Amino acid sequence: MKAVRFHEFGGPEVLRYEDVPDPQLRKDQVLVRVKACAMNHLDLWVRKGLPGVKLPHIPGSDVAGEIAEVGEYVSGFAVGQRVLVAPMSFCGHCEKCVAGLENQCSEFTVLGNAVDGGDCERIAVTPEKVIPIPASLDFVQAASVPLVFLTAWHMLVSLAKIQPGQTVLVLGANSGVGIAGIQIAKLWQTTVIATAGDDRKIEKARELGADHVIHHYQQKISEEVRQLTGKQGVDVVMEHVGAATWEESMRSLKPAGTLVTCGATTGPQASLDLRFLYARQLKIFGSYMGTMGELHAVLKHVFGGRLKPVVDRTFPFEETRAAHEYLEKSRMFGKVVLLP
Ligand SMILES: [Zn+2]
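Residues numbered from 1 in each chain as written. Predicted model: local features only at pLDDT ≥ 70, side-chain atom pairs only at ≥ 80, totals over all residues. Heavy atoms only, no water.

Caption draft 1: Looking closely at the coordination of the zinc ion. Looking at the metal site, the zinc ion is ligated by Cys91 (SG), Cys94 (SG), Cys97 (SG) and Cys105 (SG), spaced 2.3 to 2.4 Å from it. What the four donor atoms of the zinc ion show is an angle range of 104 to 115° at the metal, which sorts the shape as tetrahedral. (Donors = N, O, S within 2.8 Å, 3.2 Å for Na, K, Ca; no water. Tetrahedral: all angles 85-135°; square planar, octahedral: opposite > 155°, others 65-115°.)

So, in structure tokens, the structure goes:
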């Protein structure tokens, strides 16, 4: 089959679209014919080189497609069924996995990170990771959902435990996680303050439901938050930007507020004044993906139309290099999806 693959770490130029061995379907697996695979910022980190990534490597975390073949030991699925694939890999039998805490499994990784991903024509996966999709979602929309909606759900609902009436600050409204975060926070009837970097993104963030949008290049986030909240600050900050916004995020919290972070797009080093942390009784959560139970929970809202995937544009697999360059420039509002 054909796949997007790289044999060395580096810039977008290391990406190739080439022949690779067909996946060998085990009797306990389902073979999915990939119809769409959405990109995430993780694709760029993996391509640049992360520990645990073996070469050559196929990136891609968010797969939607059709079942091509069902292994002998698997029941409950049919050839031709439209599905998405949970964007994760875990052992399935350790203490954490059987407790439904898959993202704490010692073997946990994101699909396309420490294991080959979905930028290919077919992928073999175990059946607990295969989730049927409704006719209301096309493959491109379905592929654009799992990783970011799961991540945002785990951050806001499971860790920060958002409540109706609270105020939530969502950084980077144009990113996949930001788009999911704004919608989930609105579903919980909170007031949402988002940040975005240009007028077009600000307008789109408002369309998604953000009550207020801060221009993060022209305005100081914490000052705007202070003004918008009557000097109170926000209950929850959803962070994934990292070094560039960390200090502003911390300053935006009200006493006993919660900051939850899942990324460091602009750099991983940030400083923390411990006096500020304890005197203001702040809480900081680190978040990585989520559990299978949370994925099913958030997908119910997507399938029910209460949370909506936002697709920026598609590229064919042959043009994955251009897609990586596009994502790196942060021009998108919503998901960039690759097509076989
Ligand atoms: Zn496990």
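Right, picking up where we left off after that structure.
Caption draft 2: Expanded view of the packing of helix H4 (residues 146–159) against helix H10 (residues 292–303). H10 packs onto H4 with a crossing angle of 105° between their chain directions and a minimal axis gap of 9 Å. By the angle between their axes, H4 is roughly perpendicular relative to H10. Counted together, Pro146, Phe149, Leu150, Trp153, His154 and Ser158 of H4 and Glu294, Leu295, Ala297, Val298, His301 and Val302 of H10 form the full contact between these two elements. (Axes fitted to C-alpha atoms, helices over the stretch in contact; angles between N-to-C directions. Helix = DSSP H or I, 4+ residues; strand = E, 2+ residues; numbered from the N terminus. Parallel < 35°, antiparallel > 145°, perpendicular 65-115°, else oblique. Contact = heavy atoms within 4.5 Å.)

Caption draft 3: Spotlight on the environment of aspartate 273. With respect to the secondary-structure elements, aspartate 273 resides in the loop between strand S14 (253–261) and helix H9 (274–279). The partly exposed category is assigned to aspartate 273, whose relative accessible area is 36%. For the pair aspartate 273 and methionine 250, spaced 23 residues apart in the sequence, the C-alpha separation amounts to 9.8 Å. There is a polar contact of 2.9 Å between the side chain of aspartate 273 and the side chain of arginine 275. (Buried < 20%, exposed > 50% of the residue type's maximum accessible area, 1.4 Å probe, protein only. Polar contact = N/O pair within 3.5 Å; in protein donor to acceptor, adjacent residues only side chain to side chain.)

Caption draft 4: Region of interest: the pattern of salt bridges. Enumeration over the complete set of coordinates arrives at 17 salt bridges. Here arginine 16 ties to glutamate 18 by a salt bridge, and the two come within 3.7 Å at their closest N and O atoms. Looking at arginine 16, the relative accessible area reads 42%, which means it is partly exposed. The class of glutamate 18 is buried, set by a relative accessible area of 13%. In this structure, glutamate 328 engages arginine 47 in a salt bridge whose closest nitrogen and oxygen atoms are separated by 3.1 Å. (Salt bridge = Lys/Arg side-chain N within 4 Å of Asp/Glu carboxyl O.)

Caption draft 5: A look at the packing of aromatic side chains. What the rule picks out here adds up to five aromatic pairs. Summarising the aromatic geometry, the rings of phenylalanine 6 and phenylalanine 9 are spaced 6.1 Å apart at their centres and angled 55° between planes, so their arrangement reads as tilted. Overall, the relative accessible area of 32% leaves phenylalanine 9 in the partly exposed class. Pairing tryptophan 153 with tryptophan 188 gives two aromatic rings, centres 5.3 Å apart and planes at 85°, and the pair type is edge-to-face. Pair noted here: tryptophan 153 is in helix H4 and tryptophan 188 is in the loop between helix H5 (176–187) and strand S11 (191–196), with a separation of 35 residues, a long-range link. One cation-aromatic arrangement involves arginine 82 over phenylalanine 139; the distance from NZ or CZ to the ring centre is 4.7 Å. (Phe/Tyr/Trp six-rings, centres within 6.5 Å; stacked < 30°, edge-to-face > 60°. Lys NZ or Arg CZ within 6 Å of the ring centre and 35° of its normal.)

Caption draft 6: Examining the state of the cysteines more closely. For the structure on display, the rule yields zero disulfides. We note that cysteine 120 lacks a disulfide partner, and the nearest cysteine sulfur, in cysteine 37, lies 7.5 Å from it. (Disulfide = S-S within 2.5 Å.)

Caption draft 7: Region of interest: the environment of aspartate 312. Within the secondary structure layout, aspartate 312 lies in strand S16 (residues 311–316). Judged by relative accessible area, which is 23%, aspartate 312 ranks as partly exposed. Once the C-alpha coordinates of aspartate 312 and arginine 331 are considered, the two residues, 19 residues apart in sequence, prove to be 9.4 Å apart. If we ignore the near neighbours within four places in the chain, the residues touching aspartate 312 are Tyr326, Arg331, Met332, Phe333, Gly334 and Lys335. In terms of polar contacts, aspartate 312 uses its side chain to reach the backbone amide nitrogen of phenylalanine 333, at 2.8 Å.

Distances and angles like these do not, on their own, reveal function.
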